[in-house]
Amino acid sequence: MTDTAARYLYLARHGEASQDETTLTESGQRQAVLLGERLQNTPLSVIHHGPLPRARQTAQLISTRLDAVPLHQSELADDYIPYLPAKEELPPDSADAMLSFLAQVPEEERNHGPALAREALAEFTGPVEGDRPRHELVVTHNFLIGWLIRAALDAPEWRWMGLNHSNAALTVIRYAPGKPSSVLFYNDMRHLPAELRWTGFPPELRI
């Protein structure tokens, strides 16, 4: 029988992006560097990141503050819709608004995303083979982080919606053999000064 050990999955949304999303803003670059400094004492084995410039640049800046942690670009960490709910799955008082939001997403992305989301669960979650815990960072986007958190909590599949994540904030999920997955902390911004927190959130959700 193969031994298994705990996986610690660190999830970070990319730093603040420019309006056209082709690069990070100066604030986004600072966020990424500060997140790298936060992770300096974490025994990361790899940094996975999505292919879009804002995720790739964030991962590269994080890596400058770490000691030779390899970077791995993955389509599974891209920006996509992870699950398309039917109206009857959703809370009646918010179903129309949620479906209206999803309808604005290009059809190709709506059709392509759910398959990637299933692959992401297989790739990034669960205990790992071997007898030593593994620590992995995924630099990605808001929707995938919500999807992985809702899966860790065994929440309904539609519940990735409404789980928002700030730019360069940190979430950690632990997957231990024989135990339920555990969200150790969520949307943690302690490494960011006040002026760099809550970017990526609409004003009404900032506290």
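Residues numbered from 1 in each chain as written. Predicted model: local features only at pLDDT ≥ 70, side-chain atom pairs only at ≥ 80, totals over all residues. Heavy atoms only, no water.

Regarding the overall build of the protein chain
Condition: Helix and strand labels come from DSSP, where a helix needs a run of H or I of at least four residues and a strand needs a run of E of at least two; each type is numbered from the N terminus. Note that the radius of gyration is over C-alpha atoms, with the globule rule given as 2.2 Å times the number of residues to the power 0.38. Summary of the burial criterion: residues with accessible area below 20% of their type's maximum are buried, those above 50% are exposed, and those between are partly exposed, where the area comes from a 1.4 Å probe applied to protein chains only. Contact criterion: two residues are considered in contact whenever any of their non-hydrogen atoms come within 4.5 Å of each other.
If you tally the helices and strands in the protein chain, you get five helices and eight strands. Each helix (α) and strand (β) of the protein chain, taken in turn from the N terminus, gives the series β-β-α-β-α-β-α-α-β-β-α-β-β. Here the C-alpha atoms of the protein chain give a radius of gyration of 17 Å, agreeing with the 17 Å that 2.2 N^0.38 yields for 207 residues. Expressed along its principal axes, the backbone C-alpha trace of the protein chain runs to roughly 50 × 45 × 30 Å. Counting across all 207 residues of the protein chain, residues that qualify as buried make up 48%. In the protein chain, the share of contacts with a sequence separation of at least 24, taken over all contacts with a separation of at least 6, comes to 71%.

Describing the nonpolar core
The nonpolar side chains of a soluble globular protein tend to be buried, and buried together. This is how the line gets drawn: Take the buried residues of types Ala, Val, Leu, Ile, Met, Phe, Trp, Tyr and Cys, join any two whose side-chain atoms come within 4.5 Å, and each joined set is a nonpolar core.
Grouped together as the largest cluster of nonpolar side chains are 30 residues, with contacts concentrated most on Leu9, Leu11, Trp147 and Trp160. Elements with a contribution of two residues or more to this core: β2 (7-13), α3 (95-103), α4 (107-124), α5 (142-152) and β7 (170-175). Top element by residues in this core is α5. It accounts for seven residues. Tyr10, Ala12, Leu44 and Val172 belong to the second-largest nonpolar core, a separate cluster that totals 19 residues.

Observations regarding unusual backbone geometry
The phi dihedral of aspartate 154 falls on the positive side, at around 55°, and the residue is not glycine. Counting through the fold element by element, aspartate 154 comes out in the loop between α5 and β7. The class of aspartate 154 is exposed, set by a relative accessible area of 69%. Notably, tryptophan 198 is not glycine yet its phi reads approximately 70°, a positive angle. Its place among the elements puts tryptophan 198 in the segment after β8 (182-188).

Comments concerning the sheet that holds strand β3 (residues 44-49)
Using the following cut-off: Criterion used throughout: strands pair if DSSP finds at least two bridges between them. Here the axes come from fitting lines to C-alpha atoms, over the contacting stretch only for helices, and the angles between their N-to-C directions go from 0 to 180 degrees.
The strand order across the open sheet formed by six strands is β4-β3-β6-β2-β7-β8, and the pairing between neighbours is mixed. Looking at which strands have only one partner, the edges of the open sheet turn out to be β4 (71-73) and β8. On average, each strand axis in the sheet is inclined to that of its neighbour by 20°, with strand direction left out of account. One ladder, built from four bridges, connects β7 with β8; its direction is antiparallel. Residue arginine 174 lies in a different strand from β8, and its bridge partner there is serine 182. Seen against the sheet, helix α2 (residues 53-63) touches β3, β4 and β6 (134-140) and runs at an angle of roughly 155° to β3. Docked against the sheet, α4 engages β2, β3, β6 and β7, running at close to 135° with respect to β2.

What about the layout of surface pockets?
Where we set the bar: Put plainly, a pocket is an open set of points on a 1 Å grid over the protein atoms alone with protein on both sides within 12 Å along at least five of seven lines, a cavity is a set where a 1.4 Å probe fits but cannot get out, and a lining residue has an atom within 4 Å of a point. Grid points are joined across faces, edges and corners, and a volume is the space filled by probe spheres set on the points. Residues were grouped as follows: Ala, Val, Leu, Ile, Met, Phe, Trp, Tyr, Cys and Pro as nonpolar; Asp, Glu, Lys and Arg as charged; and all remaining residues, including Gly, as polar.
Each pocket or cavity is described by its volume, and for the largest pocket that value is around 320 Å³. Lining the largest pocket are 16 residues, and of these Phe101, Asn142, Phe143, Gly162 and Asn164 sit closest to its centre. Listed by contribution, the elements that provide at least two residues to the lining of the largest pocket are α3 and α5. Split into classes, the residues belonging to the lining of the largest pocket amount to ten nonpolar, three polar and three charged. In this structure, the second largest pocket occupies an estimated 230 Å³ of space. Around the second largest pocket, the lining is made up of 13 residues, and of these Arg13, His14, Glu21, Arg54 and Asp79 lie nearest the centre. Taken together, the residues that form the lining of the second largest pocket break down as two nonpolar, six polar and five charged.

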